[in-house]
Each structure stands twice: as structure tokens, then as C-alpha cells.
Amino acid sequence: MKFELSPKVLMIVLVVLLALAPLVLKPYHITVLNYIGLYSMVAIGLVLLTGVGGLTSFGQAAFVGLGAYTTAVLTTASDLPGWLAWMGWSPWLSLVAGLIVTGTSAYLIGLVTLRLSGHFLPLGTIAWGISLYFLFGTMGLLGGHTGFGGIPPIAVFGYELRQGHQIFYLIWLFVLLAVITTLNLLDSREGRAIRALKGGMIMAEAMGVNTARSRMVIFVIASLLACASGWLYVHMQRFVNPTPFGIHMGIEYLFMAVLGGAAHVWGAIIGATVITVLKQWLQDILPAIFGQAGNFEVIFFGALLVLILHRARGGLWPILTSLTQRVVPVRAEQRQIDRNVEPLPSRELPSKGELLLDAREVTRRFGGLIACNRLSLEVRAGEILALIGPNGAGKSTMFNQVSGVDVPTSGKITFLGKDVTGKTSREIARMGMSRTFQHVKLLPTMSVIENVAIGAHLRGNRGVLSAAWRLDRQEEKRLLAEAAKQIERVGLGDYMFVEAGSLALGQQRIVEIARALTSDPCLLLLDEPAAGLRYKEKQALAELMRKLSAEGMGILLVEHDMDFVMGLVDRVVVMEFGEKISEGLPEEVQKDPAVLQAYLGGVE
Amino acid sequence: MDLQIALILGQDGITNGAIYALLALALVLVFAVTRVIFIPQGEFVAYGALTLAMIENGFFPATMWLLLGAGVVVTLADGVSAIRAGQSRKVVGIAGVNLIYPLLLLALVWSLPLRDLPLAVQVLLTLLIVVPMGPMMYRLVYQPIADAPVLVLLIMSIAAHVAMVGLGLVFFGPEGYRTSPFSNARFEIGPMFVTGQTIWVILSSLVFIVALALFFSKTIYGKALRATAINPNGARLMGISPMLAGKLTFFLAALIGALSGVLISPITTIYYDTGFLIGLKGFVAAIIGGLSSYPIAAAGALMVGLLESFSSFWASAYKEVIVFTLVIPVLVWRSLTTHHMEEEE
Amino acid sequence: MSETDTRGTLLEVRDLSVFYGKVEALHGASIRLDEGSIVTVIGPNGAGKTTMLSAIMGVLPSVGEIRFRGAVEHSPEVETMVARGMNLVPEKRDLFGEMSVEDNLVLGAFQRYREGKRDHGTTLGEVFELFPRLQERRAQLAGTLSGGERQMLAVGRALMAKPRLLMLDEPSLGLAPLIVREIFRIISELRSRGVSILLVEQNARAALQVADYAYVLETGEITIEGPASELANDPRIIEAYLGLGGKHQDALAG
């Protein structure tokens, strides 16, 4: 057997090294390590926010400042108003206060910016980072630009952490907690929703994920990590002034995350280490080179980041792991699927023949173009309806109207007897409609089972906190068991743990079906599921669809492969130029001259 | 506040607003054509102002070295790839623009009695030095990852910005400069005094805005830039390469930046890092226009200028806080009027 | 490189493959187009027709050899191909919606203008002669045109570059029959003016009627080729589109 280290062993080695560090290192090095720890916490928040969630903030330093100033003011003020006086005595209470202040402001800023497309958030954070910095500097209460001191040290069980090597343990305890909770969170129901934010929002919404809420969650978590870092910083320095919370630090934090590898939690620590150590070194040599004093290291950092983004967009962490992997192989943790858990409760399917979907005169205009013109169709439980037509006939547009991805210009869509026109895809998904996409929307770097498990989002309810502290494991087992069951059902059991992006396109479409089935729908919308499949795979897919409809599920199918459609479906609707040109049994439609004309075309 | 003070403040606000309007137009243009959020715009302002200040004081402008350095790197990068592609004839052209030009300029600047030159020539020299850095910057920083997501390009911008600020400190030192005004005239119009420089700033901004409008509506290169902004794929099929569009856009942005710096430096003391704040105010205006509308951005710029000058009167300590917090209500308004969900990447 | 073996051949594509990530969308396609001819590539949806045109034009990176006007390219640059006289009218038309019809057309001549050939005034007249409708609407914004007019503008814009080879991707897509007829009339007209055409179509009957030679593309591979007049009556074509009892392809592949 090949020698491989378990990640747990590495973790223990890291903890032991950290524990021994203050005993062997000089005070100067301990100070550097303390700073690395403080910066790492902020950078971990940015990994979650930027690398994983696709949101960027240059204002993290301002959150650090909020944490720092809150505790500085509360622990030094001698004349706190009566209702606040009770917290004036302990930094631990002011940590709580700081977290509340920071979390609330992050929430309010998030409300304003998170609904906008991605680049407005970073611009907003630059602006608010600058505003807050000037505010710190101008408010008399906060000591102005010179700041103020006299801040007490943190005490743990009466033991005061006055020296660098004393607070060292507390800082790195916080860092490890941040790493572990972030890793836990990402490996959970909420975590999968968060990981879908980057490039998979439409899909996630269609699976019932509230993406706006997920964005808010990571924005607030990142701000809280920054706040804790500020709290530790102030009680280490015992002094506060606005300089470390300016926009330049906000930029530096982002550099750390991006340089280390924005998509990896450990990359944050690498980035913080590289930037901090380089900065110490450059600040010694550069002023000598240029013959004057100043922040010259930023020239170097700027150039370094440009080069790293040109050559390795993923940052240093992936390079580092592939290098060390050759020397010290680390075992990849294989996820275990527990088959014996109690299965998730499933929906009662409507009785066969019951009307599921009723679309009446649905019209969708894009400017002057009518993509869908007064199109009506209905799907009953246990029935397979095919929607066919040449390229550009408006089939996928019709799909988007029905599933709530888009809103029809006019017309009415009823699902399970309720009017769902104008409802969001999230609400419709909750009612029991699930879909696949014509242009496959999988998260290519996530494993097949994680992709499929996103489908089960609405069947669990464990939140962020239980995920962070692993109180969600029982539910998680059930969600994954359900995902595994559906993957096997569609015949991809062998690929459960491979990256979804490495599958052939046809197989990726099948993964989408498994994901849709995991949401336990009563109506399934499949957009060209058979494209790119081989004959036998198509037969297997047809078999599966027959079984599903026999169980009472309704299926609406957009397809081009007439062969596949004809032997399988109960009824066919044919579209051309956004209108229905034919409807009926497969054999009738096949002989309809209008259909032949639409498919083969003609000049005369 | 009496009418006189209000008029002075209003005049200040409009003068600064005119500069912010120019910058906002450049930011909208760069974003529309290249999807780059051009944070280093402010550095071009500072480089323009401070290069002129150095020339005025008879020093050899240190930015000349940056132009030469960037030119060498571009020549190497483009030259090697041209030779690899078997187009060694192109190397002459590449070296001509990126290497020979800076060298000739260097010789010219070296030999001229900088301090004694007329102001117009000094300004021209400043533009000749600073503006070519725009396209070079596009080539070195953005072109290799032109298809990257907006956020990656934004991080690139920030990286370029901090590097340029650092270099600015090396080139110009920590002291601020104010250059001599284009005109010392003072006019009395009713109850207020208007300085010649104010009129210079406002008129030049107007002329430049009109010139830009003509460039975009009348010339084929201007139309090509608009086409790239509207439909990059379609433009590419017409032979308008993203590289050409990018360089042309950055040329214009650098020109606008350097010109703004030259115009504003007689009014405001410029430090090596002042550009960032000036550029960001242009940004606030550009955001008001949603990074897409030129007229709204220009109107927003005037608003920012007026807000800044009036708040410096009422609450001078909170001037910057007030200007930058303005972004928040603007973003609220934008978020309430945006409904569709956008897929990033 | 010998000139003799390419005489008369304008475009020759050998073993062209395109990958989307790890997935192969076009597999070793080879086609040939003689000077002054119309060649069509037909096939069902998703067969890789658009992928093939995009790769020849350089919009997509590819593996394989593209010989155009005697010079060999591997995964070419779009700008190079435009400069050498190739022009693509894409399936989405990619017009400049917020610009006038005339500006759209003028930009078609951008590459020539850059090379110093500033004759776009005359070319504009020729295009207006071919599409009188565009002349009527020359001041109108392209985004306000109807579907057929958009297609005419897309073709007209490509003609402004005076191309040697015009590649049309689904020119009949989404157009009413009457307008489809008009578009195909223009395609024939263009050939008589010396423009060679590579035509990708889903509307197989119309394409085979105007073309000299045809290729059928299915699931990324060229499966059938031959003179257009022969293929027009080939039952295999109907199978490829409607799959009436045509299981042999899949049976072979499975």
C-alpha cells in the first residue's frame, strides 16, 4: 500500500508546532506570528466571501476597525451611560458587543449592495471603508487621528494576557476555530448553497436555495471574523488609532486571500504569511534602496499580484499542495455514505390523471421579438408530454416561464391548482416542480454527489450554526443517502465522487436529472435530456422516465431526438416561431405536413 | 451663509464637478469597452499634475523612467510573441512605439531647458510622457487576462493602483505641489469673483466632452469602440480586436486623467496619493450612472462636486464621509430598480 | 508549400477538432470549398455546425489544419482571418443594436479602413443596391429592425468587408418562409458576384437547393458528403433529421 498521511495527522502536527512556537522562537518572531494569525482571520472571511461566494469586499478593514473601536471604547470608558455600564468591565462582553455592532452594520450594508450585480459590492465597500476610516479619525469620542491607549489586556480565568507569547495562544485558537467552522460550514447543506453562488445562482434558485440569504450569510460571517480579529488586535496593542483600518489595509487583506488562493481556507493563512513576512523584509530593504522612507512594499505587492493572477489564477495554495503532494502524499478523505439512515420523508404523489400543470395563453416578448405566443399546454400526473420544434422555436423560453426562471408578458400558469404566474422559481420548486437545464448548470469542480445533494436543499432545514458546529450530521447523512440513491437510480453510481465537470456532456445531463429527482418533485421538466447520449444510455433513460411516470410523476420534456420522443411520450406539442403548430399523439404529429415543413424546411 | 459664500462654494463645486465629470466619462468608457473598473484612473491624474510640477520646477520628470521601463517590458513581451509567431517584421513597429519613442522623448526632455519653456509646451511634454502609459498598462496588466471575470479584473486594477501609488512616492516624494495657473485673470461677475483658472477648467472640460462625443459619433475608430462596448463578439468579427479596442480606450482614459491633473493642479495641492480620492469621486459619479450612462454620470459628477464644496463649509471634518456615504443611497436606489438576477462568470 | 495542389481550392479544413473543456464537440472534421462555389453543412441541432464555423473563423480554439487561400493556419486569430478575406455571419447576428443601420454597415469595413482601403462609401452603395430595405432604414437603430431586416443587415455588414469567403450560420433561423426565400435568393446572387459561401443550415431542403456540395454533420462528425443535388433526394437525410426508423447510427455507436 502506498504511504499516505491522513489530514488529521497533519492537523495535529500543525497544532503541536503552534503550541511549541512560543517556547523556542524569539519575541520578534512571535509578534510576526501574532500578526499572521490576526490577518489570517480576516483573510479566511474573504475566502468564504470572494473565493467561494464570488463576492468581493475591500472594506474588511473597516469591520476590523468596528470590532477594535467598540471594545476599545467600552473597556476604557469611565463614564458609560447607565444602561451600558455593566459591560464596561470585561473585554469578553465587549467582544459580544462588537460582534453585534459589526454584524448589524454588515447586515445593513448587505441589504443595500447584495442585490446588485457583483461589481457594485466592492465599489460600495471601498466607499464605505473610506467613510468609516474618516469617521474613526474625526470623531472626538474615538480619539481622532492620534487615537488613545489604556486599553486593558484580555484575561482568561483571571490570567491576564499581557505579553505577545501569552496572547499568541488565544489568537491561534481563534484562527483554528475559524478554519474549522468555515470548513464545516462549507461541507454542509448551507455550504453547498454557498458554493453554488459563484456561477450557479439560477440553478440554485431553481433548487429552492434562497441565494440572497446565502450571500448575506457569508457577508455577515466574514465581517464577524474581521471583528474578532480587531478585538484581539486592540487588546494585544492596548492602543487604538484609525491607521490599521484604512482602505489600504482592506486592499491588503484582499491581496492575502487572492495570493494565497481565494478558493481555499488554508490558502488564507498562506497568503497572510507571505504578505506579512514579505512586508517585514521589504520594509527593511526598500527604503535603503530608494533612499527615502515610505510604503514602497506596495509596489512589489501590486506587481506580485498581477503576475500571480496572470500565471496562476488560483493563487499559491494549489501550487503548494501539488508540490508537497509529491514529497508527502496526503490521503484524500473519501466520503462515506451511510445507507442505513432513515430515508427522507417524500411527497405524496397526486393520483394518476390529476391535472398538474396548466399553462394558458402564455406570451413572452423580448422587446419587439415574440419568443412565445399565446401558448397553452397541460400536463397530468403520470403523463409524459413532449414539447418539440426546430431551433429557436421558443421551447426553452416556454420552460423558463413555467418554472419561474422568467415571468411571462401575459397569460396564466397554474400548478397543482394554484396560480404561480410571476412566482419565483424558488417558490415553485417548493411546491414540487423540478427541472434540468438545456445548458447544463452543474458546479464543475464539485463532486457529482454534492451537485445532486443541492437538489435536496428544501428537504433539510439545518442552518448555518448547526453546520458550523456539526450538529447537522444526522440530517446530512440522510440528504447524502438520498442523493446517492438518485445517482444510482439514473445509473451513475460509479461516478458519485468524481468532479462533475469531468463527465461527458451526456452524463452531465443525467446528473441534472438525478439532482432534480433528489428534490422529490411531482412534476419534472427535462430540457433535452437525451442530447449527447449513446443508444443504450438513451434506452436506459427512456426506461427510467417510464418508471417515473408509472409512479405518478408528470414529465414535461423538450427534445430534438424524434426517435427518442416517439416511442416514449404520451402526447406531443409542436412549436414553431413561438406558436403551437400541432398537438396530439406522437404518430399523428409525425405525419402532420406542418411538422415536416417545420423540421426539414423548404423553399417552395 | 450668505449669497456670496454660496456663490463661491457653488463655483468651487462646479469646477471640481467638471473634473469629476471627465473622470466619470473615462471610467464609464473603460468599463463599457473592457469591463475593467479602472481604479488607477486617479493615479493618471496625480502623475499628470506632478509631472507638470516637476517640469515647472526644472527637474527631470521621473515618470519618464517609468515610461521607458514599461516600454522595454512591452517590447520584450510583444517582440518575443511576434517572433514566435514568425512575424519578425512586426518587431520593428513594436520597438518603434514602445522603445524608440520613449528614448527620443527622453533625449528631448533631457536637452530642453524645462523651467524656461512656455506653459503650453510644458503641458504638452507632460501629456507626451504620461498618456502612452495608458495603452502600455493595458498591455501589461489587463490584456493577458482580458476574458477574466469582472471581479478578477477589479482586483488587477487595485493591484495596479497600489503599485502606481508606491511608484508615485518614489518619483515625486511625499511633498505636495501646486502648479502655476494657466491664467491669473480675475473677473467680477455681479457679486462674485471668477478666476481665470476656473474658466479654464470648465471650458476645457466642456471642449473635451464635446470632442469625445464627436469622436464617438463621427469617426470609424470611435464607432468601433462603441461597437465593442455594445457587442464584443460582433466587433471581433469585423476585425476590431479586443486588444486594439483596449489600448485605444486606455489611451483615452490616460489622456483624460493626465489632462484633469494638469487642469486641477493650479487649484488643489496634489500629493502622490491624492489621485485615488479624486478618482473615487469620479467613481461615485460613474456609479450614479450605473457605469453605463454618460449623461447621468456627468450630472452625478456635478452633484458630487457641489455636495463636496458645501459640506466642506458646513462640516469640513466630515466632508469625505458625506461624499462617500452618498454612494449608499445611490446603491439603494439602484438595487430597488434592478430586478433581474445576474449570473457572474 | 506548393501552389498547384491548392489551385481552385479556397478553403480546406483537415481533421478539425474542438473541445469544450474535456468534452469533444467536433471530431476530426474535414471539408473543402472551391473558389466561387456554395458549400453547405447541414445536420440536426447540436451536431456541432456552429462550433465548426466558429473554429474555422478563429472564434473558438481548435486542433487541426485550416488552409485558406493557400496559407495554413492552426487555431487562427479572428482578426487575421478577417484581414485575409473571411467573414462570418453568426447565428445570433451580433449586430450593434444601439447604433444606426448605416454605422453597423460602415463598421463592416473597419478592417479595410485600417489597412488604408477607404472605399467604404462605394461598397455601401453596392450593399444598398442589394438590400434596398437597408437604405430605407439607414438612420434607424439596428435594434429596432425586424428579424428579416436584421439578417439582411448582418449579411450586408459582412459584405462591407468585401470577403472572399462568406460563412453564414443558420441564415434562415427564426425567419418566416417568405423572408427565407428572399435570403436564399440573395445567397445565389452573391455567388454570381464571385463570393464563395460556406452555409450552415438546419433548413436542409433550402440549403441543398442553392449549394453545389454538401456535408452532413451528426454528433460532431461528418457522416455523409456529396454533391448537393444528389443528397437532396437521399433518404438518409430525412432520417438524420426526423429519425424515422433511423436507428442504425445509434446502434453502431452504442
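The rules we used
Residues numbered from 1 in each chain as written. Chains lettered and ligands numbered in written order. Predicted model: local features only at pLDDT ≥ 70, side-chain atom pairs only at ≥ 80, totals over all residues. Heavy atoms only, no water. UniProt positions renumbered as here; feature names shortened; annotations may be inferred. Helix = DSSP H or I, 4+ residues; strand = E, 2+ residues; numbered from the N terminus. Domains from an automatic or database assignment. Contact = heavy atoms within 4.5 Å. Buried area = accessible area lost by both parts, 1.4 Å probe. Salt bridge = Lys/Arg side-chain N within 4 Å of Asp/Glu carboxyl O. Axes fitted to C-alpha atoms, helices over the stretch in contact; angles between N-to-C directions. Parallel < 35°, antiparallel > 145°, perpendicular 65-115°, else oblique. Nonpolar A, V, L, I, M, F, W, Y, C, P; charged D, E, K, R; others polar. Polar contact = N/O pair within 3.5 Å; in protein donor to acceptor, adjacent residues only side chain to side chain. Pairing = 2+ DSSP bridges. 1 Å grid on protein atoms, 1.4 Å probe; cavity = no way out; pocket = protein on both sides within 12 Å on 5 of 7 lines; lining within 4 Å. Points joined across faces, edges and corners; volume = space filled by probe spheres on them. Phe/Tyr/Trp six-rings, centres within 6.5 Å; stacked < 30°, edge-to-face > 60°. Lys NZ or Arg CZ within 6 Å of the ring centre and 35° of its normal. Buried < 20%, exposed > 50% of the residue type's maximum accessible area, 1.4 Å probe, protein only.

Taking an unreviewed UniProt entry as the reference, chain B is identified by name as Branched-chain amino acid ABC transporter permease belonging to Azoarcus taiwanensis. Per UniProt, chain B carries the Subcellular location (unreviewed entry) text "Cell membrane". In its Sequence similarities (unreviewed entry) section, UniProt records this for chain B: "Belongs to the binding-protein-dependent transport system permease family. LivHM subfamily."

Looking at an unreviewed UniProt entry, one finds chain A named ATP-binding cassette domain-containing protein and attributed to Azoarcus taiwanensis. Checking UniProt for chain A, the heading Subcellular location (unreviewed entry) contains the comment "Cell membrane".

S.K.: So what about the UniProt feature "transmembrane region" (unreviewed entry) in chain A? Which residues, and what values?
M.R.: Residues and elements named next belong to chain A. The positions that UniProt labels "transmembrane region" (unreviewed entry) are, in the present scheme, residues 35-55, 62-86, 92-114, 126-147, 167-186, 216-234, 254-278 and 285-309. Taken end to end, residues 254-278 comprises 88% helix and 0% strand; its first and last C-alpha atoms sit 16 Å apart. Taken as a whole, residues 285-309 contains 76% helix and 0% strand, while its terminal C-alpha atoms sit 26 Å from one another.

S.K.: An account of the domain arrangement of chain A is needed here, citing residue identities and associated values.
M.R.: Residues and elements named next belong to chain A. As assigned here, chain A comprises domain 1 (7-78 + 87-327), domain 2 (350-432 + 522-604) and domain 3 (442-520). Across the boundary between the two partners, domain 2 contributes 16 residues, which contact 11 residues of domain 3. Across the interface of domain 2 and domain 3, roughly 1,100 Å² is buried in total on both sides, 69% from carbon and sulfur atoms. It is Arg 430, Leu 524 and Leu 544 that lose the most area in domain 2 upon contact with domain 3, and together they represent 33% of the buried surface on that side.

S.K.: Can you tell me about the pattern of salt bridges, naming the residues and giving the values?
M.R.: Side chains bearing opposite charge may pair, as long as their charged atoms lie close to each other. Residue and element names in this part refer to chain A. Tallying each qualifying case throughout the model produces 45 salt bridges over all chains. Here Glu 252 makes a salt bridge to Lys 279, at a shortest N to O gap of 2.6 Å. Note that Glu 252 is positioned in helix α11 (residues 247-261) and Lys 279 in helix α12 (residues 265-290), a separation of 27 residues in sequence. Salt bridges sharing partners connect three or more residues here, namely Asp 187, Arg 470, Asp 472 and Arg 473.

S.K.: How would you summarise the packing of helix α3 (residues 60-76) of chain A against α11 of chain A if you had to cite specific residues and measurements?
M.R.: Residue and element names in this part refer to chain A. As a packed pair, α3 and α11 sit with axes 7 Å apart at the nearest point and diverge in direction by 115°. When the axes of α3 and α11 are compared, the pair comes out roughly perpendicular. Counted together, Gln 60, Ala 61 and Val 64 of α3 and Met 249, Gly 250 and Tyr 253 of α11 form the full contact between these two elements. Classifying every residue of the contact of α3 with α11 gives four nonpolar, two polar and no charged.

S.K.: How would you summarise the environment of Arg 35 of chain B if you had to cite specific residues and measurements?
M.R.: Residue and element names in this part refer to chain B. Tracing the backbone through its elements, the reader meets Arg 35 in the loop between α1 (3-34) and α2 (41-56). For the pair Arg 35 and Ala 148, spaced 113 residues apart in sequence, the C-alpha separation works out to 9.4 Å. Apart from the residues within four sequence positions on either side, Arg 35 is in contact with Val 30, Ala 146, Asp 147, Ala 148, Pro 149, Val 150 and Leu 153. Among the polar contacts made by the side chain of Arg 35, one reaches the main-chain carbonyl oxygen of Ala 146 at a distance of 3.0 Å.

S.K.: Explain the sheet that holds strand β8 (residues 410-415) of chain A residue by residue, including any values.
M.R.: All names here are of chain A. Strand order in the open sheet formed by four strands is β6-β5-β8-β9, with antiparallel pairing between adjacent strands. Each edge of the open sheet carries a strand with a single partner, namely β6 (369-380) and β9 (418-419). Relative to β8, strand β5 (residues 355-366) runs antiparallel, the two being bridged by five bridges. Note on β8: the bridge partner recorded for Asp 358 is Thr 414. On the sheet, helix α15 (residues 395-403) packs against β5, β6 and β8 and is oriented at approximately 120° with respect to β5.

S.K.: Account for the interface of chain B and chain A, with residues named and values stated.
M.R.: With 54 residues of chain B in contact, the opposing surface of chain A contributes 50 residues. Note on chain B versus chain A: buried area summed over both sides is about 4,300 Å², and carbon and sulfur give 78% of it. The interface formed by chain B and chain A includes one salt bridge. For Arg 313 of chain A, the salt bridge is made with Asp 147 of chain B, and the minimal N-O distance between the two is 4.0 Å.

S.K.: Go over the sheet that holds strand β10 (residues 433-435) of chain A with me, naming the residues and quoting the values.
M.R.: Residues and elements named next belong to chain A. If you trace the six strands from one edge of the open sheet to the other, you get β10-β11-β12-β7-β13-β14, paired in mixed fashion. Whereas interior strands pair on both sides, the edge strands pair on one side only; in this sheet they are β10 and β14 (579-584). Between one strand axis and the next, the sheet turns through 15° on average, direction left out of account. As defined by bridge partners, strand β11 (residues 523-527) adjoins strand β12 (residues 554-558) across five bridges and the pair is classed as parallel. The residue bridging Leu 523 from the neighbouring strand is Gly 554, located in β12. Lying on the sheet, α15 is in contact with β7 (384-388), β10, β11, β12 and β13 (571-576); it crosses β11 at an angle near 150°.

S.K.: Talk me through the side chain of Ser 229 of chain A; I want residue IDs and the actual numbers.
M.R.: All names here are of chain A. One can find Ser 229 in helix α10 (residues 211-237). From its side chain, Ser 229 meets the backbone oxygen of Leu 38 in a polar contact 2.9 Å long. Contacts of Ser 229, omitting those with residues within four sequence positions, involve Leu 38, Met 41, Val 42 and Val 64.

S.K.: Quick one: what's the story with the layout of surface pockets, residue by residue and with numbers?
M.R.: Approximately 1,200 Å³ is the volume attributed to the second largest pocket. In terms of lining residues, the second largest pocket is bounded by 44 residues, among which Thr 243, Ile 247, His 248, Met 249 and Asn 295 of chain A are the most central. Of all the elements in the fold, those that place two or more residues in the lining of the second largest pocket are α2 (27-52), α6 (120-138), α10, α11, α12 and α13 (297-311) of chain A together with α7 (150-172) and α12 (274-288) of chain B. Take the lining of the second largest pocket: its biggest share by element is seven residues, from α11 of chain A.

S.K.: Would you mind going over empty space enclosed by the protein in detail, with residue names and values included?
M.R.: The tally for this structure, following the rule as stated, stands at five cavities of 30 Å³ or more. For the largest cavity, the calculated volume is near 50 Å³. Along the walls of the largest cavity sit Leu 123, Ile 126 and Ala 127 of chain A together with Leu 280, Phe 283, Val 284, Ile 287, Phe 324 and Val 327 of chain B, which together make up its complete lining. Mapped onto the lining of the largest cavity, the elements with two or more residues apiece are α6 of chain A together with α12 of chain B.

S.K.: Tell me about the packing of aromatic side chains, residues and numbers included.
M.R.: Counted according to the given criterion, the structure contains 30 aromatic pairs over all chains. Ring geometry for Tyr 35 of chain A and Tyr 39 of chain A: centres 5.9 Å apart, planes at 45°, overall tilted. Of the two residues, Tyr 35 of chain A and Tyr 39 of chain A are both situated in helix α2; the distance of four residues between them amounts to about one turn of the helix. Here Tyr 69 of chain A and Phe 136 of chain A contribute two aromatic rings whose centre-to-centre distance is 4.4 Å and whose plane-to-plane angle is 20°, an arrangement assigned as stacked. Residue Tyr 69 of chain A is found in helix α3, and its partner Phe 136 of chain A is found in helix α6; the two are separated by 67 residues along the sequence. An aromatic cluster is defined as three or more aromatic residues linked by ring pairs; in this entry it consists of Tyr 35, Tyr 39, Tyr 69, Phe 136, Tyr 233, Phe 245 and Tyr 253 of chain A. For Arg 186 of chain B, the ring lying beneath its charged end belongs to Phe 193 of chain B, and the centroid distance is 5.1 Å. Above the face of the Phe 96 of chain C ring, Arg 157 of chain C is positioned so that its terminal group lies 4.8 Å from the ring centre.

S.K.: Tell me about the pairing of strand β3 (residues 38-42) of chain C, residues and numbers included.
M.R.: Residues and elements named next belong to chain C. Along β3, five of the five residues are buried, which leaves the element largely enclosed by surrounding structure. The side-chain alternation of β3 yields two buried faces, one formed by Ile 38, Thr 40 and Ile 42 and the other by Val 39 and Val 41. Two strands pair when backbone bridges link them, and β3 and strand β8 (residues 196-201) are joined in this way by five bridges, in the parallel orientation. Residue pairing in the sheet places Ile 42 in a bridge with Glu 201 of β8. Of the strand pairs in this sheet, β3 and strand β9 (residues 213-218) are connected by four bridges, and their pairing is parallel. Residue pairing for β9: Val 41 is matched across the bridge by Tyr 215.

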